[in-house]
Amino acid sequence: MGPHPAVAAIRLAVRRVLHDILTEQHSATGEPAHAPAYAPAHRHAPPPPPLVLVACSGGADSMALASALAFEAPRLGIRAGGVTVDHGLQPGSDLRADDVVLRMRELGLDPAESATVTVGRDGGPEAAARDARYAALDAAAERHGACAVLLGHTRDDQAETVLLGLARGSGIRSLSGMAAVSGAGGRYRRPFLQLDRQTARKACMAQSLPVWDDPHNADPAYTRSRLRHEGLPALEKALGKGVVEALARTAQLSRDDADALDAWAAQAEAGVRDAAGRLECAKLHALPPAVRRRILRRAAIEAGAPAGSLFARHIEEVDRLITGWRGQGAINLPGRVVAQRQGGRLVIRQG
């Protein structure tokens, strides 16, 4: 008799990602994807097996992910470890982190450790906690030489992310949700984006894995919590079941479109610059708006504008220097960057 269907589903999702990682390792090193455990005496010893970490909060999604990684990794010759991040935002969070480390070790993950972070205030509590968490995960991956970090975001999380992007009105990229592969060098992998949250919870129940439900996930003070417990149920009541699946499909379609437009903009950029590298307004004006605005955004970021603080309204104001030129003055952008039109050229630089 095989494993519970939910357990089989999470293991299959993780196995696919691990196969992708091995294939990428093979392409980068030229070594076979499944190197033998020994080598003949006349050959150099094979490199150590790659290490994959799981980010585990102790919740159902990440515990299901940790269990699947612990099961699948040894069968593919991969070392598996885990990291839990203590944000220090709740009483007893250090004890909770210690308990998660113990559970990861019981699953066979090694290394298994906790990382304590200090959460700042920039961008609001949710964004600040996220920034601190990813910084800790990056540091752990660098310290241990891990080739990837698995994250337990599910299809439900993806749907919430799409709705949050829609509310911000930041364009098609904000509707593309979370990428299955992201981070420097493709470090972060999200195996569960095609699985719902309930599947992960059922997998934990089937394996008798204890889970911890973060009270912040039910706290209406947090935007995502309100969306999860009020917004999405209201949408499903009004539109019927299937909203989550539809939003997840929207994310993938939007990502495909955004990637294509980004590639178009990257190719078109060289053709709208003069010999000195300055942007030519007439050539920019001839481009489709979606392509032109991507070029403007890239130029603003290269000049020093923080990407996270550069919103659609900023780019629209700069775009008017191209499409609605009436002699208006310079546009101030985040990061003390200034955009202004000078003699048929658009100059974007630090003010």
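In short, a report on the structure.

Definitions and limits used
Residues numbered from 1 in each chain as written. Predicted model: local features only at pLDDT ≥ 70, side-chain atom pairs only at ≥ 80, totals over all residues. Heavy atoms only, no water. Helix = DSSP H or I, 4+ residues; strand = E, 2+ residues; numbered from the N terminus. Buried < 20%, exposed > 50% of the residue type's maximum accessible area, 1.4 Å probe, protein only. Lys, Arg positive; Asp, Glu negative; His and termini not counted. Charge placed at Lys NZ, Arg CZ, Asp CG, Glu CD. Contact = heavy atoms within 4.5 Å. Salt bridge = Lys/Arg side-chain N within 4 Å of Asp/Glu carboxyl O. Pairing = 2+ DSSP bridges. Right-handed = clockwise from strand over helix to strand, strands pointing away. Arc of directions from axis to C-beta. Core = buried A, V, L, I, M, F, W, Y, C linked by side-chain atoms within 4.5 Å. Disulfide = S-S within 2.5 Å. Axes fitted to C-alpha atoms, helices over the stretch in contact; angles between N-to-C directions.

A word on the overall build of the chain
Step number 1: In terms of helices and strands, the chain carries eleven helices and ten strands.
Step number 2: With the C-alpha coordinates of the chain rotated into their principal frame, the extents come out at 75 × 65 × 40 Å.
Step number 3: Residue burial in the chain is summarised as follows: out of 351 residues, 43% are buried.
Step number 4: Computed over 44 positive and 38 negative side-chain charges, the inter-centroid distance for the chain is 5 Å.

Quick look at the side chain of Ser-254
Step number 1: Relative to the helices and strands, Ser-254 resides in helix α8 (residues 243-269).
Step number 2: We classify Ser-254 as buried; its relative accessible area is 8%.
Step number 3: If we ignore the near neighbours within four places in the chain, the residues touching Ser-254 are Ile-172, Leu-175 and Ser-176.

What to know about the pattern of salt bridges
Step number 1: Per the stated rule, a full pass over the model turns up 26 salt bridges.
Step number 2: Across the pair Glu-160 and Arg-224 runs a salt bridge, and its minimum N-O distance is 3.1 Å. Taken together, the residues Glu-160 in helix α5 (residues 155-168) and Arg-224 in helix α7 (residues 223-239) connect sequence positions 64 residues apart.
Step number 3: Since its relative accessible area comes to 0%, Glu-160 is described here as buried.
Step number 4: In this structure Arg-224 comes out as partly exposed when scored by relative accessible area, which is 25%.
Step number 5: A salt bridge links Glu-236 to Lys-241, with the shortest nitrogen-to-oxygen separation between them at 3.5 Å.
Step number 6: It is possible to trace a salt-bridge network through shared partners that takes in Asp-157, Glu-160, Arg-197, Arg-224 and Arg-228.

Considering the pairing of strand β2 (residues 79-86)
Step number 1: Counting buried positions along β2 yields seven of eight residues, so the element is predominantly enclosed.
Step number 2: Where strand β1 (residues 51-55) lies against β2, five bridges are found, and the strand directions are parallel. The partner of Ala-55 across the bridge, within β2, is Val-83.
Step number 3: After leaving β1, the chain enters helix α2 (residues 60-72) and then returns to the sheet as β2, a path that is right-handed.
Step number 4: Here five bridges tie β2 to strand β3 (residues 112-116), and the two strands are oriented parallel to one another. The partner of Val-85 across the bridge, within β3, is Ala-115.

Focus: helix α6 (residues 197-206)
Step number 1: Burial in α6 covers these residues: Arg-197, Thr-199, Ala-200, Ala-203 and Cys-204. The buried residues of α6 occupy an angular sector of 165° when the element is viewed end-on, so they sit on one face.
Step number 2: Among the residues trailing α6, Ser-208 stands out with phi positive, at a value near 55°.

A short note on the nonpolar core
Step number 1: Core analysis: the biggest nonpolar cluster contains 37 residues, and Leu-18, Val-52, Leu-69 and Phe-192 have the highest contact counts within it.
Step number 2: Broken down by secondary-structure element, the contributors of at least two residues to this core are α1 (5-29), β1, α2, α3 (93-107), β4 (148-150) and α6.
Step number 3: If one sorts the elements of this core by residue count, α1 sits on top with nine residues.
Step number 4: Among all residues touching Phe-192, those that are not within four sequence positions of it are Ile-10, Ala-13, Val-14, Asp-61, Ala-64, Leu-65, Gly-152, His-153, Thr-154 and Arg-155.
Step number 5: Cys-281, Val-291, Ile-315 and Leu-321 belong to the second-largest nonpolar core, a separate cluster that totals 26 residues.

As for the sheet that holds strand β8 (residues 331-333)
Step number 1: The strand order across the open sheet formed by four strands is β7-β10-β9-β8, and the pairing between neighbours is antiparallel. At either end of the open sheet lies a strand with only one pairing partner, and these are β7 (279-280) and β8.

Things to note about unusual backbone geometry
Step number 1: Cis peptide bonds are those with omega within 30 degrees of zero, and the linkage from Asp-110 to Pro-111 qualifies with 10°.
Step number 2: Residue placement: Pro-111 occurs in the loop between α3 and β3.
Step number 3: The phi torsion at Ser-208 lies on the positive side, around 55°, for a residue other than glycine.
Step number 4: Located in the positive-phi region is Arg-336, a residue other than glycine, with phi close to 60°.
Step number 5: Relative to the assigned elements, Arg-336 resides in the loop between β8 and β9 (337-342).

Considerations on the state of the cysteines
Here a disulfide denotes one covalent bond, and it connects the sulfur atoms of two cysteines.
Step number 1: Scanning all chains against the criterion turns up zero disulfides.
Step number 2: Its sulfur unpaired, Cys-204 is 8.9 Å from the next cysteine sulfur, which belongs to Cys-56.
Step number 3: Residue Cys-204 is classed as buried on the basis of its relative accessible area, which comes to 2%.

Describing the sheet that holds strand β6 (residues 188-189)
Step number 1: With respect to topology, six strands assemble into an open sheet ordered β3-β2-β1-β4-β6-β5, the strand pairing being mixed. Edge positions in the open sheet fall to β3 and β5 (181-182), since each of these has one partner strand only.
Step number 2: In the packing of α2 onto the sheet, contacts are made with β1, β2 and β4, and the angle to β1 comes to roughly 160°.

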